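Inside the fold
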Amino acid sequence: MTEARTPGAAALPQTPLMAADSSLPSVEMDPVEYTLRKRLPRKLPKRRNDVYVNMKTDFRAQLARCQKLLEGGGHREICVHGLGLAINRAINIALQLQASSQGALQLAANTSTVELVDDLEPDDPDEAGEPMTRTRNNSAIHIKVYYPSPQ
């Protein structure tokens, strides 16, 4: 016989999690009883020449925004940021910008790890389940796209 499961429950690990009150000991979590709420990642300070790439916005629109900043925006450099699945898209945007400039643009890439926090809320508020949080790490890339200074 199979159990009824909520969508996305298979993606939740069945590992001990920290309760909302850190003084409490870790508790085993049943993924069927909790709803996962992903918090937004902490962003770097937003500057006019920062572009945060995501997977929801059209690739061509993000590429056009970067081109507009470099050509019409008066910026000699932009910083393209990608997190998780958007890393490939950020790299592709930077490479497209470099190719369309016939090699006039230079790239400098840095990688990092970003700590993300997820909230686990109980599905049934009548039960004694407490909201919990889970931290996880995700990869990020920061690509500086710039015109080199003339020598």
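To keep things clear, this report deals only with the structure shown in the data block. What you see is a predicted model, and the numbers here were worked out from it, not measured in a lab. (Residues numbered from 1 in each chain as written. Predicted model: local features only at pLDDT ≥ 70, side-chain atom pairs only at ≥ 80, totals over all residues. Heavy atoms only, no water.)

Examining the pattern of salt bridges
Between side chains of opposite charge, a pair can form as their charged atoms come close. The tally for this structure, following the rule as stated, stands at 5 salt bridges. One salt bridge connects Asp118 with Arg136, and the closest N-O pair in it is separated by 2.7 Å. Of this pair, Asp118 sits in strand S5 (residues 106-122) while Arg136 sits in strand S6 (residues 132-146), placing them 18 residues apart in sequence. The network of salt bridges with shared partners includes Asp118, Arg134 and Arg136. (Salt bridge = Lys/Arg side-chain N within 4 Å of Asp/Glu carboxyl O. Helix = DSSP H or I, 4+ residues; strand = E, 2+ residues; numbered from the N terminus.)

Some details on the nonpolar core
Membership of the largest hydrophobic core comes to 18 residues, with the highest contact counts inside it found for Val53, Cys66, Ile78, Val80, Leu97, Ile143 and Val145. Among the elements of the structure, strand S3 (50-53), helix H1 (59-71), strand S4 (77-83), helix H2 (87-100) and S6 are those that each provide at least two residues to this core. Element by element, the count of residues in this core is highest for H2, at 5 residues. Apart from residues no more than four positions distant in its own chain, Leu97 is found in contact with Leu63, Cys66, Gln67, Leu70, Ile78, Leu105 and Val145. (Core = buried A, V, L, I, M, F, W, Y, C linked by side-chain atoms within 4.5 Å. Buried < 20%, exposed > 50% of the residue type's maximum accessible area, 1.4 Å probe, protein only. Contact = heavy atoms within 4.5 Å.)

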